[in-house]
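Residue-level listing of the chains:
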Number of protein chains: 2
Amino acid sequence: MPEQMKPMDIEKRSFEIITQLLGDQKLDPENELVIKRVIHTTADFEYVKNLVFSEHAVQKGIEALRSGCDIVTDTQMAKSGINKTILGKLGGQVHCFMSDADVAEEARRRGVTRAVVSMERAAGLSKPCIFAIGNAPTALISLHQQRQEGNISPALIIGVPVGFVNVVESKELIIASDVPHIVARGRKGGSNVAAAICNAMLYQIMR
Amino acid sequence: MPEQMKPMDIEKRSFEIITQLLGDQKLDPENELVIKRVIHTTADFEYVKNLVFSEHAVQKGIEALRSGCDIVTDTQMAKSGINKTILGKLGGQVHCFMSDADVAEEARRRGVTRAVVSMERAAGLSKPCIFAIGNAPTALISLHQQRQEGNISPALIIGVPVGFVNVVESKELIIASDVPHIVARGRKGGSNVAAAICNAMLYQIMR
């Protein structure tokens, strides 16, 4: 085994290796650090092609974070993966309503998913928000509907649920809309990817 | 959009689609639910080939969980992804020492990673443990060394760090050893994969 490296050196070396392995594939400089951090998190180079960015999505996300926006996730895993120290210094915090007892209760009563109720709760937040959705297609569908109804105005939607049922379709809804978005087209994604995209933007502001 | 499905129906349908997509690829029945849950979590079929199981690793993991063993993770993300309700009913809990202030302090003082110190703390736990490592190769290396020194006797090591530096080598250390293990060979893995493997075993006991 090679000698012990410091975490920041390991990360630097990892990004160098990712750059080498990308070879001739040129990334849009505006999106490059997001794409590379997702690869760093997954070791999956398919994200070079899968990730879809609306115009200046990363810049818009960074501007919102700089202004102290909050982040809403659809899993505790994504919440726990986001760098809350940096977010907090910028004046933001992460919300995840999925485990709230009254959310489960309301979802049961109405016959909808907890993700739907969670996204409706998020509409009640007084601050601008980035939505980081790594799990539930119903969260994306709810955000799309709420936006059409004028209930919410997301600073950015990170649409990266993973899975096999309604996942692809829910992402295409967001891609076809005019909301600022970063979406992992296809089946792949996850809470880890959602957190990585948030962190890629946070690290561009402060580290 | 199709009408709203219940979460358990979505999961059932997802597993049916995964089975369809696997086509002629036959999975070892003992490992099948672990492999399928990792695919369910990642939408990445490479895990069919990547996942390496020592003899009866899944059975050993399930027996340990049934006996009320604890789980130790190397990230808060993995901890938050594990089904702690079922684990708790079986008498177990999840430990993650990574964010403990004194772990960070000791790591800094000794010039090692927090993961190394965390794994040493875990050696002090009085119960048998499953180690679910989805991030830090140094955690795997530490577990290997501590085992050689007779400090720990893991019920199972889930070795699925993701990345580009020391990751492949640290996993091969575990594969070459005689500790019960489930390892994602190569660069891929993650905290989500570590949690999925734990949950696949927990769900085989209780749901």
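Residues numbered from 1 in each chain as written. Chains lettered and ligands numbered in written order. Predicted model: local features only at pLDDT ≥ 70, side-chain atom pairs only at ≥ 80, totals over all residues. Heavy atoms only, no water.

Caption draft 1: Structural context of helix α8 (residues 114-123) of chain A. Of the positions making up α8 of chain A, those classed as buried are Ala115, Val116, Val117, Ser118, Met119 and Ala122 of chain A. On its buried face, α8 of chain A is in contact with β2 (70-73), α7 (101-110), β4 (129-133) and α9 (137-148) of chain A. (Buried < 20%, exposed > 50% of the residue type's maximum accessible area, 1.4 Å probe, protein only. Helix = DSSP H or I, 4+ residues; strand = E, 2+ residues; numbered from the N terminus. Contact = heavy atoms within 4.5 Å.)

Caption draft 2: Quick look at the interface of chain B and chain A. Listed by partner, the interface residues are 38 residues for chain B and 38 residues for chain A. Taking both sides of the interface into account, the surface hidden between chain B and chain A amounts to around 3,100 Å²; carbon and sulfur atoms contribute 72%. For the pair chain B and chain A, the interface holds two salt bridges. Between Asp44 of chain A and Lys188 of chain B there is a salt bridge, with the nearest N and O atoms lying 3.9 Å from each other. (Buried area = accessible area lost by both parts, 1.4 Å probe. Salt bridge = Lys/Arg side-chain N within 4 Å of Asp/Glu carboxyl O.)

Caption draft 3: The arrangement of the side chain of His144 of chain A in detail. Residue and element names in this part refer to chain A. For His144, the position within the fold is in helix α9. Judged by its relative accessible area of 16%, His144 is buried. When residues no more than four places from it in sequence are discounted, the contact partners of His144 are Leu173, Ile174 and Ser177.

Caption draft 4: Just the relation of the copies chain B and chain A, in detail. Between the two copies, chain B and chain A, the superposition gives an RMSD of 0.0 Å; the rotation angle is 180° and the shift along the axis is 0.0 Å. In symmetry terms, the pair is related by a two-fold rotation axis. For chain B, the smallest separation between a C-alpha atom and the rotation axis is recorded for Met77 of chain B, amounting to 2.5 Å. A share of 100% of interface residues in chain B that are also interface residues in chain A marks the association as one of identical surfaces. (Least-squares fit on C-alpha atoms with pLDDT ≥ 70 in both.)

Caption draft 5: Highlighting the sheet that holds strand β4 (residues 129-133) of chain B. Residues and elements named next belong to chain B. Ordered in space as β1-β6-β5-β4-β2-β3, the six strands form an open sheet in which the pairing is mixed. Of all strands in the sheet, those with a lone pairing partner are β1 (51-53) and β3 (94-95), marking the two edges. Looking at chain direction, β1 and strand β6 (residues 181-184) are connected through three bridges and run antiparallel. Residue pairing across strands places Leu51 opposite Ala184, the latter belonging to β6. (Pairing = 2+ DSSP bridges.)

Caption draft 6: Region of the structure containing the environment of Ala107 of chain B. Residue and element names in this part refer to chain B. By the secondary structure assignment, Ala107 is in helix α7 (residues 101-110). Taking the C-alpha atoms as reference points, Ala107 and Ser118, separated by eleven residues in sequence, lie 9.1 Å from one another. Apart from residues no more than four positions distant in its own chain, Ala107 is found in contact with Val112, Thr113, Arg114 and Val117.

Caption draft 7: Inspection of the pairing of β6 of chain B at higher detail. Residues and elements named next belong to chain B. Burial of β6 is two-sided: the residues His181 and Val183 facing one way and the residues Ile182 and Ala184 facing the other way are all buried. Taken together, the three bridges between strand β5 (residues 156-159) and β6 define a ladder with parallel strand orientation. In the sheet register, Gly159 faces β6, and the bridge partner there is Val183. Handedness of the crossover is the feature at issue here: the chain leaves β5, passes through helix α10 (residues 167-176), returns alongside β6, and the resulting connection is right-handed. (Right-handed = clockwise from strand over helix to strand, strands pointing away.)

Caption draft 8: Main features of the side chain of Glu106 of chain B. Residue and element names in this part refer to chain B. Note on placement: Glu106 falls in helix α7. Classification of Glu106 by relative accessible area gives buried; the value is 17%. Only 2.7 Å separates the side chain of Glu106 from the side chain of Arg110, close enough to count as a polar contact. Excluding residues that lie within four positions of it along the chain, Glu106 makes contacts with Val117, Glu120 and Arg121. (Polar contact = N/O pair within 3.5 Å; in protein donor to acceptor, adjacent residues only side chain to side chain.)

Caption draft 9: Main features of the packing of α9 of chain A against helix α10 (residues 167-176) of chain A. Residues and elements named next belong to chain A. Relative to each other, α9 and α10 sit at 30°, their axes nearing to 9 Å. Classed by the angle they form, the pair α9 and α10 counts as roughly parallel. Here the hand of the crossing between α9 and α10 comes out left-handed. Residues Pro137, Leu140, Ile141 and His144 of α9 form the contact with α10, whose participating residues are Val167, Ser170, Lys171, Leu173 and Ile174. Grouping the amino acids of the contact of α9 with α10 by side-chain chemistry returns six nonpolar, two polar and one charged. (Axes fitted to C-alpha atoms, helices over the stretch in contact; angles between N-to-C directions. Parallel < 35°, antiparallel > 145°, perpendicular 65-115°, else oblique. Left-handed = near helix turned anticlockwise from the far one by under 90°. Nonpolar A, V, L, I, M, F, W, Y, C, P; charged D, E, K, R; others polar.)

Caption draft 10: Quick peek at the sheet that holds strand β6 (residues 181-184) of chain A. All names here are of chain A. An order of β1-β6-β5-β4-β2-β3 is seen for the six strands of this open sheet, with the pairing classed as mixed. In the strand order of this sheet, the two ends are held by β1 (51-53) and β3 (94-95), each with one partner. With four bridges joining them, β2 and β4 adopt parallel strand pairing. Directly across from Asp70, in β4, lies its bridge partner Cys129. On the sheet, helix α11 (residues 191-205) packs against β1, β2, β4, β5 (156-159) and β6 and is oriented at approximately 140° with respect to β5.

Caption draft 11: Region of the structure containing the pairing of β5 of chain A. All names here are of chain A. Both faces of β5 are covered, namely the face carrying Leu156 and Ile158 and the face carrying Ile157 and Gly159. Bridge count between β4 and β5: four bridges; the pairing is parallel. Paired with Ile133 across the bridge in β5 is Gly159. As for the winding sense of the linkage, the β-α-β connection from β4 through α9 to β5 is right-handed.

Caption draft 12: View of the state of the cysteines. All names here are of chain B. Here the structure, examined in full by the defined rule, presents zero disulfides over all chains. A disulfide-free cysteine, Cys69 has its sulfur positioned 6.9 Å from the sulfur of Cys129, the nearest such atom. Classification of Cys129 as buried rests on a relative accessible area of 4%. (Disulfide = S-S within 2.5 Å.)

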